[in-house]
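Chains, contacts and geometry: an overview
Letter by letter, the chains look like this.
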Amino acid sequence: MWTFTDSVAEYARHAEPYLLKDPVANTVPLTVLANLKAGVAHGADGPYFGWWTEEGEVRGAVFRTPPFPLGLSVMPDHALPPLVEALADRELPSVSGPRALVDRLAAARGFDRLRPERLYGLGTLVEPAGVPGSGRVAADDDLALVTLWATSFSTESGTDVGIDLSQLMAKRLARGDMVVWETDGEPVAMAGVSPAVGGVCRIGPVYTPPSARRRGYGSAVTAFASRHALAHRCEHLVLFTDLANPTSNKIYQSIGFRPVADYANAGHTR
């Protein structure tokens, strides 16, 4: 049975214990929930949340903080048909989550755009060799730059939902989430690190402007962000890649990230 609410507290009470049983696979639902509870979420205009219960136990969860996609946790396959029925009258421009679940929901809603993704987990960190520069935690003075780069990342990755990211980036800077890689005192790449939930942090976004690409800065800033997170935030690290971008997949594997599972984002072509 699916139950829905617009209360973050009620959703957390029912769904969070289930999500924490697998904090790696459920990294996105857990991070979104943590940000909502901390008042750091953005774009949450008319949010709703749901959880799937069978035999008296929660075994699945969904969330939507418009204008962002509907997010799916790990859940049993047989929870999908009732979910499709429960959402039949709701506006749903896109969905994100485990690949098999997204494929089925996308077919039911007639989505014609699919972006396959892969979740990676860090094994043993391998420091990239021969990359000039050094990393540091981004400061308030970096707000304009990280906002510009975050916006560029959203546009290039196809995840732009048309919102101003400056407030979000200001909050992430205040929390120490963002790091930059510098050469000769100039930032050339950035990476974000989510708060730890269930001992897991997620790296993202990672962005190098076009003028500084193909020099190893993306690898260097990701490795620095990973080292910083493991030292100060969490026990395990994950990140997502766009499977259509072979360069990023190769880069992350070269510094020690290993495939965990396939995910996807689907929606209507704009």
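Note: the structure precedes this text.
Numbering of residues starts from 1 in each chain and follows the order in which that chain's sequence is written. For a predicted model such as this one, the threshold for reporting local features is a pLDDT of at least 70, and the threshold for listing and counting side-chain atom pairs is 80 or more; totals across whole chains, interfaces and linings nevertheless cover every residue. Only heavy atoms go into the side-chain values, all of them from the structure, while hydrogens and water stay out.

**Considering the overall build of the protein chain**
Helix and strand assignments come from DSSP, with helices taken as H or I runs of at least 4 residues and strands as E runs of at least 2, each series counted from the N terminus. In terms of regular secondary structure, the protein chain is built from 8 helices and 12 strands. The C-alpha atoms of the protein chain give 18 Å as radius of gyration, which agrees with the globular expectation for 270 residues (18 Å, within 12%). Principal axes of the C-alpha set define a box for the protein chain whose edges measure 55 × 35 × 35 Å. For the protein chain, buried positions account for 48% of its 270 residues. We call two residues contacting when some pair of their heavy atoms lies within 4.5 Å. A sequence separation of at least 24 residues applies to 68% of the contacts in the protein chain between residues at least 6 apart. Using a 1.4 Å probe, the Shrake-Rupley method yields the accessible areas, and only the shown protein chains count as cover for residues. When the accessible surface of the protein chain is summed, it comes to about 12300 Å², and 53% of that surface belongs to carbon and sulfur atoms. Residues counted as positive are Lys and Arg, residues counted as negative are Asp and Glu, and His and the chain ends are not counted. Note on charges: their place is set at NZ of Lys, CZ of Arg, CG of Asp or CD of Glu. For the protein chain, the centre of its 25 positive side-chain charges and the centre of its 29 negative side-chain charges are spaced 3 Å apart. In this setup the radius of gyration rests on C-alpha atoms only. A globule is expected at 2.2 Å times the number of residues raised to 0.38. Buried, partly exposed and exposed residues are distinguished by accessible area as a fraction of the type maximum, computed with a 1.4 Å probe on protein chains only: under 20%, between the cut-offs, and over 50%, respectively.

**Observations concerning the sheet that holds strand S5 (residues 94-98)**
At least two bridges found by DSSP between two strands are what make those strands a pair. Taking strand neighbours across the sheet as the criterion, the 12 strands line up as S1-S2-S3-S4-S5-S12-S6-S11-S10-S9-S8-S7 in an open arrangement whose pairing is mixed. Looking at strand neighbours, the two that pair on one side only are strand S1 (2-5) and strand S7 (134-137), the edges of this open sheet. In this sheet, neighbouring strand axes are inclined to one another by 25° on average, regardless of whether the strands run parallel or antiparallel. Where strand S3 (residues 57-64) meets strand S4 (residues 70-72), 2 bridges bridge the pair, whose relative direction is antiparallel. Paired with Phe63 across the bridge in S4 is Gly71. Here, axes are lines fitted to C-alpha atoms. For helices the fit covers the stretch in contact, and angles between N-to-C directions go from 0 to 180 degrees. Together, S4, S5, strand S6 (113-122) and strand S12 (257-267) form the strand contacts of helix H4 (residues 99-109), whose direction differs from that of S5 by roughly 150°. Sheet contacts for helix H8 (residues 246-254): S6, strand S10 (200-207), strand S11 (236-242) and S12; angle to S11, the most-contacted strand, approximately 160°.

**Digging into the nonpolar core**
Judged by nonpolar contacts, the single largest core of 26 residues is most densely connected at Trp181, Ile203, Tyr217, Val221, Leu237 and Phe257. Mapped by element, the contributors of at least two residues to this core are S6, strand S8 (178-183), strand S9 (186-193), S10, helix H7 (217-232) and S11. With 7 residues, the single largest contributor to this core is H7. We define the nonpolar core as a collection of buried residues of types Ala, Val, Leu, Ile, Met, Phe, Trp, Tyr and Cys that are connected through side-chain atoms lying within 4.5 Å of one another.

**Regarding the pattern of salt bridges**
The salt bridge criterion pairs a side-chain nitrogen of Lys or Arg with a carboxyl oxygen of Asp or Glu, the two atoms within 4 Å. Under the counting rule described, the total for this entry stands at 14 salt bridges. We note a salt bridge from Asp142 to Arg136, for which the minimum N-O separation is 2.9 Å. On the basis of relative accessibility, which here comes to 8%, the residue Asp142 falls in the buried class. Classification of Arg136 by relative accessible area gives partly exposed; the value is 25%. We note a salt bridge from Arg136 to Glu182, for which the minimum N-O separation is 2.8 Å.

**Details of the packing of helix H1 (residues 8-19) against helix H2 (residues 27-38)**
Orientation of H1 relative to H2, taken along the N-to-C sense of each, is 145°, at an axis distance of 11 Å. Of the two elements, H1 crosses H2, and the hand of that crossing is left-handed. Only Pro29, Leu30, Leu33, Leu36 and Lys37 of H2 make contact with H1, whose side of the interface consists of Val8, Tyr11, Ala12, Glu16 and Leu19. A breakdown of the residues in the contact of H1 with H2 according to their chemical character gives 8 nonpolar, no polar and 2 charged. By definition, turning the near helix anticlockwise from the far helix through less than a right angle yields a left-handed crossing, and turning it clockwise yields a right-handed one. Polar here means any residue other than Ala, Val, Leu, Ile, Met, Phe, Trp, Tyr, Cys and Pro, which are nonpolar, and Asp, Glu, Lys and Arg, which are charged; Gly is therefore polar.

**Focus on the packing of aromatic side chains**
Between 30 and 60 degrees the pair is tilted, below 30 it is stacked and above 60 it is edge-to-face, where a pair is any two Phe, Tyr or Trp rings, Trp via its six-membered ring, whose centres lie within 6.5 Å. In total, this model carries 7 aromatic pairs according to the counting rule given. Ring geometry for Trp149 versus Tyr207: centroids 6.3 Å apart, planes at 50°, classification tilted. Note that Trp149 is positioned in helix H5 (residues 143-157) and Tyr207 in strand S10, a separation of 58 residues in sequence. Accessibility classification places Trp149 together with Tyr207 in one group, the buried group. For the pair Phe240 and Tyr263, a centre-to-centre distance of 5.1 Å together with 80° between the ring planes defines the contact as edge-to-face.

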